[in-house]
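The chain contents come next:
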Amino acid sequence: MRNSHMNKQSNKSGKVVLIIVILVIILAGAGAAWYWFMYIPEQEAKEKARLEQLAKEEAERKAREAEEAKQAKYDDFIKNADSEFQAENWENAKSIYSEALTMYPEQEYPQDQISIIDAKLDEIAAIEAAKPGTIDMLRTATGRYYIILSSSIDDDLAMDFAKKLAKKKINVNILQTRDEKHTYFAVSPANFDTREEAEAALSDYSQYGNGLWVLRY
């Protein structure tokens, strides 16, 4: 009887141990599964999200710094352009305003300034277009070669002819020369370094007659 009871106790203890071993194996397997299939992926996902957030913040920082540098450069362009504008250096001002516009095409201020400058340049061009040619009286030899359209002892007559040419926007020289008896006033619309150049240009003034000649003065 006693041996039978001991055997039953031994069998019962063995079953308990086996159950405990099985439970330990199950728990260990569950723990390992949780660690490898849940914890590790979760940590990797968190690290990936952290790195992505850092990269995003870095990109935003660089973009912000680039925009600040761009704005500073634009402000310098506008400052320099305004300075040229105040000095009425219209072409320089327009060029710098245009540079600023390449950075921020939507900005109205440089566009408005360029419109003002274009109006100023048109006004200047109109004034220049309305200006007559110049008339210079030469009384001292220059060593250059002049195309002569007419020569007269009457300075008033020479001046009247010169004024007609000046109205056509031709820059005129009146050359004062002398011989033993008279002082002459020769009207010239052009002069050159050499006689060859002057003679080659005579045909450009053929509408003023056939008696044109070249005078070294």
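To start, this report covers the structure provided alongside it. It should be emphasised that the depicted structure is a prediction, and the values quoted were computed from it without experimental measurement.

Let us look at a positive patch on the surface. Residues K163, K164, K167 and K168 make up a contiguous surface patch of positive charge. When you line up the elements, K163 lands in helix α4 (residues 155–167).

Another point: unusual backbone geometry. Phi at E88 is positive, roughly 60°, even though this residue is not glycine. Of note in the backbone geometry, K169 takes a positive phi value of approximately 70° without being a glycine. Given the relative accessible area of 45%, K169 is considered partly exposed.

It is worth spelling out the sheet that holds strand β4 (residues 172–178) at this point. The strand order β1-β4-β5-β3 describes an open sheet built from four strands, whose pairing is mixed. Each edge of the sheet is formed by a strand with only one pairing partner; in this case those strands are β1 (135–138) and β3 (150–152). Recorded for the sheet is a direction-independent mean angle of 20° between the axes of neighbouring strands.

Turning next to the pattern of salt bridges. Per the counting criterion, the structure on display carries seven salt bridges. E42 serves as the salt-bridge partner of K46, at 3.5 Å between the closest nitrogen and oxygen. Residue K46 and its partner E42 are located together in helix α1 (residues 2–86), separated by four residues, close to a single helical turn. For R144, the salt bridge identified is with D193, shortest N-O distance 2.5 Å. Taken together, the residues R144 in the loop between β1 and β2 (145–148) and D193 in the loop between β6 (190–192) and α5 (195–200) connect sequence positions 49 residues apart. Classification of D193 by relative accessible area gives exposed; the value is 53%. One network of salt bridges, in which partners are shared, links E58, R61 and E65.

As a general point, the strands of a sheet are linked pairwise by backbone hydrogen bonds and lie either parallel or antiparallel. In space, the three strands of this open sheet follow the order β6-β2-β7, with antiparallel pairing throughout. Only two strands of the sheet have a single neighbouring strand rather than two, namely β6 and β7 (213–216). Geometrically, the sheet is characterised by an average inter-axis angle of 35° between neighbouring strands, direction not taken into account. Two strands pair when backbone bridges link them, and β2 and β7 are joined in this way by four bridges, in the antiparallel orientation. Directly across from Y146, in β7, lies its bridge partner L215.

Structurally, Q113 can be placed in helix α3 (residues 108–130). When its relative accessible area of 9% is taken as the criterion, Q113 is described as buried. Sequence-distant contacts of Q113, that is, excluding residues within four places in its chain, are made with D82, F85 and Y97.

The rules behind each value
Residues numbered from 1 in each chain as written. Predicted model: local features only at pLDDT ≥ 70, side-chain atom pairs only at ≥ 80, totals over all residues. Heavy atoms only, no water. Patch = residues over 30% accessible without salt bridge, like charges linked within 9 Å, V, L, I, M, F, W, Y side chains within 5 Å. Areas by Shrake-Rupley, 256 points an atom, 1.4 Å probe, with all protein chains shown as cover. Salt bridge = Lys/Arg side-chain N within 4 Å of Asp/Glu carboxyl O. Lys, Arg positive; Asp, Glu negative; His and termini not counted. Charge placed at Lys NZ, Arg CZ, Asp CG, Glu CD. Helix = DSSP H or I, 4+ residues; strand = E, 2+ residues; numbered from the N terminus. Buried < 20%, exposed > 50% of the residue type's maximum accessible area, 1.4 Å probe, protein only. Pairing = 2+ DSSP bridges. Axes fitted to C-alpha atoms, helices over the stretch in contact; angles between N-to-C directions. Contact = heavy atoms within 4.5 Å.

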